[in-house]
Each structure stands twice: as C-alpha cells, then as structure tokens.
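Below are the chains, spelled out letter by letter.
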Amino acid sequence: MLAQLTLRTQLTNMPGERFEQLIHHLLSLLHPDFVAVRTHGNLGDMGADGLLLWERELWACYSPQTEDMSKVKAKFRSDLDKALEKRPGSFDTFRFAINDLKGVHPELSVLMAEAQEKLRPLRVLSYSWHHLWNDVMRLDQMAAEDLLGCELPIQAKTYGLGLTDLEALLARLGDQRQTVEPLTAIPDVNKYKLEWNRLTGDVRDALIQGIRHSPLVEAYYAGIAAPDEGDQVAQGFRVYYDQTRSKTDSQEKLWTALQEYILGNANPSLSSMYCAWIVIAYFFQRCDVFDVPPDGWMPDEAVGSGA
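Keep in mind it's a predicted model, so treat the numbers as computed, not measured. Note on numbering: residues in each chain are counted from 1, in written sequence order. Where local features are concerned, this predicted model is filtered to residues with pLDDT of at least 70; where side-chain atom pairs are given and counted, the filter is 80 or more; whole-chain, interface and lining totals use all residues. To obtain the side-chain values, all non-hydrogen atoms of the structure were included, while hydrogens and water were left out.

(A) Here's a closer look at the environment of P106. What counts as a helix is a DSSP run of H or I of at least four residues, what counts as a strand is a run of E of at least two, and both are numbered from the N terminus. With respect to the helices and strands, the residue P106 is situated in helix α4 (residues 106-119). For the pair P106 and M69, spaced 37 residues apart in sequence, the C-alpha to C-alpha distance is 9.8 Å.

Next up, the structure:
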C-alpha cells in the first residue's frame, strides 16, 4: 500500500525527463538486456528512449504536462515516425510508455490501433499505470526501495482481508453460496490439470469444492459496471502466484499462500475460507494459476484405462 501510494504521488505532475528515468530504472531492474538510450549531440537518441534487445522492443516515454490530447497524439506520431526512420528493421515492437494514472485516453487508443493496422507485422503497444504497477509488484523489497527512493517498512502483522479488490465479491459469494445449486461434478476440462499439477489430498478436495460454485464468480464479474476488473484482479493473482511458486515446490504451501492473499493471515471464518476456495477455483479454471498440461498429456492411469 505504501509503495503504491508513493509511486502514484511521484507520478503526479512528474516531468518528462524524470518519468523517462523512472522507466529506465524499472526496466533495468527487471530486464538484464535493457539498454537505456541517452541523447548525444546532433544524433539525439536516434528514435529510442530505451531498447529490450532480446525482445527487440523499442521504448518511447512521455509524461504529458497538459490535458491537450493533440499534443499527446503529436508526441506519439513523432516518436513512432522517428523510430521507423532512424532504426528501420531493428525492432519488432514499439512500446509507448505514457504517464497517465487514468489509463490510455480513447483518442490515443484509436491512434495506436490505426498505427498497428498500418505497421503489421510490427506491434504497437501501450505502457500505462496498470502495466507499471504490475511490474513494480514483481520487484523484491530492496529493488522497490531503490526504485522509489524510500524505505518500505515491512513487519509481520495480522490482518483481516488481504485483497480489498475482492471484498464485494467475497460478500456476495457468502450470500449466494448457500442458495445456489452447485455443480454436481468437476468439469472434464480441469481433470488432467489437477493431475499435472499433482494436486492431491486436502488441496484437491478444496479445489473441487470451489469449482462447483465457481460460476458465481463469473456471473459477478459479468454483472458489474467495470468489465475489466476481473482481468485486473487476475493479473495481480498471476504475479503473486509466480512469485510464490518460485519459492516453494509444495502445492499445499502454494494453496495456503493463495488463500492468504485473499483473506489475509488472520484466522478466517469457515464461510470466508470456502469463498476463497471458490475464487481460487475460478482463476484455476481461467488458467491464471497452476500450469496447463501439454497437449495430449494424460496421467498413467488414464492411459492404462484407454481414456
């Protein structure tokens, strides 16, 4: 929470040069192949603020100091044209990083879509607040403090609800779970995924119980006014899952960590715990957490039975 508040405060009215330095710093922490391009005399930056060499990705950065979209669009066109002129054939993706806490403006999105259609197979991508924050979440504590320039005090404490984005969903699940008829069986699409991830015992039982009510989550996200909220929560789930899995091979510890991500580390009520299982099961079915088996893979017992 402190990291997000600090970053949002720093980004407010951040001048263009400082924003470019922030992006350079972040990408250097995340990608060993990142090259931060500086200007040099008459050469300038030769159409690139930064480069990801392995991904062949060229970055342009802009922190608008005005709401005048004509200037923002002019900056996008100028950066893209300069990149195409100065570095032809040297990149596959043009990434436009813009400092806008509200997201990408509709007029800019139209301009980017038009550029994408014109330049295929080159890719044109944006990099806005949500991308930036999700990348910051991938940093460890020391790297995050280095990026933000401040200490992030972390101490063990007991808290109630760990993921505020899911408060409304958990409350609704608690009410509806008692009245909605659950699915009688786990869908076949998930059967081999359970085996591939070696989910057994209590973890398997909890996941299956959650799957039987997971359509409630899909219905919730389909009915709210913010259609991308489910995707935003899923992205945070994926980042946290990848970070946790890199630290443990135990599926039970991984499951416990996902449950704590939702509910916090206080002792949950039985109803809240069941609701957390439903949420995890939903993202399991979306393939946001746990691995998908390779095409054609079946467990030995299924092969032996001719399934």
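(B) Molecular detail of the side chain of D49. Position of D49 relative to the elements: it lies in the loop between β1 (34-36) and β2 (50-52). Within the buried core, D49 has no salt-bridge partner, and the shortest N-O distance to an opposite charge, that of K75, equals 5.5 Å. Apart from residues lying up to four places away in sequence, D49 is in contact with E20, H24, A36, V37, W59, A60 and C61. Burial classification: accessible surface area is computed with a 1.4 Å probe over protein chains only, and a residue below 20% of its type maximum counts as buried, one above 50% as exposed, and the rest as partly exposed. Residues counted as positive are Lys and Arg, residues counted as negative are Asp and Glu, and His and the chain ends are not counted. Salt bridges, as used here, are contacts in which a Lys or Arg side-chain nitrogen is within 4 Å of a carboxyl oxygen on Asp or Glu. Only heavy atoms enter the contact rule, under which two residues are in contact if any of them lie within 4.5 Å.

(C) Inspection of the pairing of strand β3 (residues 57-62) at higher detail. Most of β3 is tucked away, with six of its six residues classed as buried. Because side chains alternate across β3, one face comprises the buried residues E57, W59 and C61, and the other comprises L58, A60 and Y62, equally buried. Relative to β3, β2 runs antiparallel, the two being bridged by three bridges. Counterpart to L52 in the pairing with β3 is E57. Linking β2 back to β3 in an antiparallel pair, the connection comprises four residues, with R56 at a positive phi of about 55°. Viewed along the sheet, the connection from β3 through helix α3 (residues 69-86) into strand β4 (residues 93-98) turns out right-handed. Paired strands are those between which DSSP finds at least two bridges. A clockwise course of the path from the first strand over the helix to the second, judged with the strands pointing away from the viewer, identifies a crossover as right-handed.

(D) Fine view of the sheet that holds β3. Spatial ordering of the open sheet is given by β1-β2-β3-β4-β5, a layout of five strands whose pairing is mixed. With one partner strand each, in any of the chains shown, β1 and β5 (123-127) form the two edges of the open sheet. Adjacent strand axes in the sheet meet at a mean angle of 20° when their direction is disregarded. Pairing analysis gives three bridges linking β1 to β2, with the strands arranged antiparallel. Its bridge partner being in β2, A36 is matched across the sheet by G50. What counts as an axis is a line fitted to C-alpha atoms, over the stretch in contact for a helix, and the angles between N-to-C directions run from 0 to 180 degrees. Set on the sheet, α3 makes contact with β3, β4 and β5; between it and β4 the angle comes to about 150°. The strands touched by α4 within the sheet are β4 and β5, with β5 carrying the most contacts at an inclination of about 155°.

(E) Summary view of the pairing of β4. Within β4, six of the six residues are buried, which leaves it mostly tucked inside the rest of the structure. Side chains of β4 alternate between two faces, with T93, R95 and A97 and F94, F96 and I98 buried alike. The pairing of β3 with β4 spans six bridges and is classified as parallel. Note that in β4 the partner of E57 across the bridge is T93. Bridging between β4 and β5 involves five bridges; their strand directions are parallel. Opposite F94, over in β5, you have V124 as the bridge partner. Taken together, β4, α4 and β5 form a β-α-β motif whose crossover is right-handed.

(F) How the structure looks around unusual backbone geometry. Cis rather than trans, the peptide bond between R120 and P121 has omega equal to 10°. Within the secondary structure, P121 is located in the loop between α4 and β5. For N13, which is not glycine, the phi dihedral falls at a positive 60°. Position of N13 among the secondary structure elements: in the loop between α1 (2-11) and α2 (16-30). Taking the relative accessible area as the measure of exposure, N13 reaches 64% and is therefore exposed. A positive phi angle is found at R198, which is not glycine, with a value near 55°. By secondary structure assignment, the location of R198 is in the loop between α8 (191-196) and α9 (201-211). For R198, a relative accessible area of 57% corresponds to the exposed category.

(G) Structural detail: a nonpolar patch on the surface. Each patch is assembled from residues with relative accessible area greater than 30% and no salt bridge, linking like charges that lie within 9 Å and nonpolar side chains (Val, Leu, Ile, Met, Phe, Trp, Tyr) that lie within 5 Å. All accessible-area figures derive from a Shrake-Rupley calculation using a 1.4 Å probe, and residue coverage is judged against the displayed protein chains alone. On the surface, V35, L53 and W54 cluster together into a nonpolar patch covering about 340 Å² of accessible area. In this fold, V35 is placed in strand β1. For V35, a relative accessible area of 32% puts it in the partly exposed group.

(H) Spotlight on the packing of aromatic side chains. Aromatic pairing here means that ring centres of Phe, Tyr or Trp (its six-membered ring) are within 6.5 Å. Orientation follows from the plane angle: under 30 degrees is stacked, over 60 is edge-to-face, and everything else is tilted. Counting across every chain of the model gives 10 aromatic pairs. The interplanar angle of 70° and the centroid separation of 4.7 Å between the aromatic rings of W59 and Y127 together place this pair among those described as edge-to-face. Residue W59 is located in strand β3, and its partner Y127 is located in strand β5; the two are separated by 68 residues in the primary sequence. Like W59, the residue Y127 is buried in the burial classification.

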